[in-house]
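Listed below, chain by chain, are the residues.
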Amino acid sequence: MSKDKKPGGTAATDPSAKDTHYATLRRAHRDAKRERGEIPTPQPQKRRRGGDDWKPPAPDQVHLYGLHTVRAALDNPERKKIKLFVTQNALARLEVDAETLGIPFEIVSPQDIDKVLGPEAIHQGVMLETRPLPVRRLEALKDSPLLLVLDQVTDPHNVGAIMRSAVAFNAGAVITTQRHSPTESGVLAKSASGALELIPYIQVTNLADALGELHKLGFSTIGLDSEGPAPLEGTFSGEKVALVLGSEGKGLRQKTRETVTALARLDMPGAIKSLNVSNAAAIALYAARRHLKV
């Protein structure tokens, strides 16, 4: 018998085992990138398991998932909760007493949650069925000195990351358009990692009209543009600032460029002159806070 063979005729080093190992590593790397928002989560129709197992939530329901996301939703008095689905292990990690939550709950397996969310969702063993958050209005923001406005930023991972930065820098709201922007969803909430519960997410019909309303409320609106006439830090004025960012690739639409108080750029000395919109938002928020000094 050849020394390269095991008894029974199999190779001493099984190629299929090696392939499985590397496939597992690739999946873990992909899942980590997806959780950081670097690659998109597949759309629901691409995430079905077993054909009829997966069903989208009703229009008036949102399925939130992930430990941070669900914990923040449970703590939010404005969030109407319907039912909690959680594994025994995740319940311990969630650090809540399900018996005193005041909502129905069910101990389930990870596979049960997969059937609702699809196998690609990183749910960490917990899912909360809820109603969407109440609609917010612009006039309620008159006392907030810092706002963030998004002009058709479509990727929910980017919008979620922007929400985290907005909460970190104590912005009063994230404002976006009803069309060409993500609605409240589990993907958006997971990317925001709890921030969706901590900051108003306002969707408006007409962005130019909304900017005009912000002007009436005393806001200076500054649109970020790579070709802006002046650096951002030299463009701030007044005691209320609304930063306006456009989608990656297209940037701000022409009507938005014509409506904002000023256009400004982020000066970058390196070879790369553009940033992911969520990174640009974080830098702009930091600069705005230094100007406002509040």
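Residues numbered from 1 in each chain as written. Predicted model: local features only at pLDDT ≥ 70, side-chain atom pairs only at ≥ 80, totals over all residues. Heavy atoms only, no water.

### Let's talk about the packing of helix 5 (residues 156-168) against helix 9 (residues 277-292)
Then comes step 1: In contact at an axis separation of 8 Å, helix 5 and helix 9 are set at 15° when each is read in the N-to-C sense. In terms of orientation, helix 5 lies roughly parallel with respect to helix 9. Seen from above, helix 5 lies across helix 9 with right-handed handedness. Taken together, the residues of helix 9 that come into contact with helix 5 (itself represented by Asn158, Ala161, Ile162, Ser165 and Ala166) are Val277, Ser278, Ala281, Ala282 and Leu285. (Axes fitted to C-alpha atoms, helices over the stretch in contact; angles between N-to-C directions. Helix = DSSP H or I, 4+ residues; strand = E, 2+ residues; numbered from the N terminus. Parallel < 35°, antiparallel > 145°, perpendicular 65-115°, else oblique. Left-handed = near helix turned anticlockwise from the far one by under 90°. Contact = heavy atoms within 4.5 Å.)

### A closer look at the sheet that holds strand 6 (residues 174-177)
Then comes step 1: Taken in spatial order, the 6 strands make up an open sheet running 7-6-5-9-8-10, and their pairing is parallel. Where the open sheet ends on each side, the last strands, each with one partner, are strand 7 (201-204) and strand 10 (262-264). Going from strand to strand, the sheet's axes swing by 25° on average, the running direction of each strand aside.
Then comes step 2: As defined by bridge partners, strand 8 (residues 220-224) adjoins strand 10 across 3 bridges and the pair is classed as parallel. (Pairing = 2+ DSSP bridges.)

### Side note on the confidence of the model for the protein chain
Then comes step 1: Taken residue by residue, the protein chain gives an average pLDDT of 83. The fraction at 70 or more is 80%.
Then comes step 2: Of all helices and strands in the protein chain, the one with the weakest mean pLDDT is helix 1 (residues 15-35) (55), whereas strand 9 (residues 241-246) scores best (97).
Then comes step 3: For residues 1-16, every residue scores under 50 in pLDDT, and the model assigns this stretch 9 contacts once sequence neighbours within four places are set aside.
Then comes step 4: Every residue in residues 41-54 is under pLDDT 50, and counting partners more than four places away or in other chains gives 23 contacts. (pLDDT = per-residue confidence, 0-100.)

### Regarding the pairing of strand 4 (residues 126-130)
Then comes step 1: Strand 4 sits mainly inside the fold: 5 of its 5 residues count as buried.
Then comes step 2: Taking every second residue as pointing to the same face, both faces of strand 4 are buried, with Val126, Leu128 and Thr130 on one and Met127 and Glu129 on the other.
Then comes step 3: Sheet topology places strand 1 (residues 62-65) next to strand 4; 4 bridges connect them, and they run antiparallel. When the bridges of strand 4 are listed, valine 62 appears paired with threonine 130.
Then comes step 4: One ladder, built from 5 bridges, connects strand 2 (residues 81-86) with strand 4; its direction is antiparallel. By the bridge assignment for strand 4, valine 86 is matched with valine 126. (Buried < 20%, exposed > 50% of the residue type's maximum accessible area, 1.4 Å probe, protein only.)

### Concerning the environment of leucine 147
Then comes step 1: Inspection of the secondary structure puts leucine 147 in strand 5 (residues 146-151).
Then comes step 2: Taking C-alpha positions, leucine 147 is 8.3 Å from lysine 240, a pair spaced 93 residues apart along the chain.

### Details of the pattern of salt bridges
Then comes step 1: If you walk through the whole model with that rule in mind, you get 8 salt bridges.
Then comes step 2: Between lysine 83 and glutamate 106 there is a salt bridge; the shortest N-O distance is 3.0 Å. Note that lysine 83 is positioned in strand 2 and glutamate 106 in strand 3 (residues 105-107), a separation of 23 residues in sequence.
Then comes step 3: Judged by its relative accessible area of 24%, lysine 83 is partly exposed. (Salt bridge = Lys/Arg side-chain N within 4 Å of Asp/Glu carboxyl O.)

### Side note on the sheet that holds strand 4
Then comes step 1: If you trace the 4 strands from one edge of the open sheet to the other, you get 1-4-2-3, paired in mixed fashion. Strand pairing shows two members of the sheet lacking a second neighbour, strand 1 and strand 3, which therefore form its edges. Geometrically, the sheet is characterised by an average inter-axis angle of 20° between neighbouring strands, direction not taken into account.
Then comes step 2: In this fold helix 4 (residues 110-117) packs onto strand 1, strand 2 and strand 4, with an angle of close to 45° to the strand it touches most, strand 4.

### Regarding helix 5
Then comes step 1: Here helix 5 is 13 residues long and its end C-alpha atoms lie 18 Å apart, about the 18 Å a rise of 1.5 Å per residue gives.
Then comes step 2: Among all positions in helix 5, only His157, Asn158, Val159, Gly160, Ala161, Ile162, Met163, Ser165 and Ala166 are buried.
Then comes step 3: Its side-chain oxygen 2.8 Å from the backbone nitrogen of histidine 157, aspartate 155 forms the N-cap of helix 5.
Then comes step 4: Asparagine 170 sits one or two residues past helix 5 and shows a positive phi near 60°. (Expected span 1.5 Å × (residues − 1). Polar contact = N/O pair within 3.5 Å; in protein donor to acceptor, adjacent residues only side chain to side chain.)

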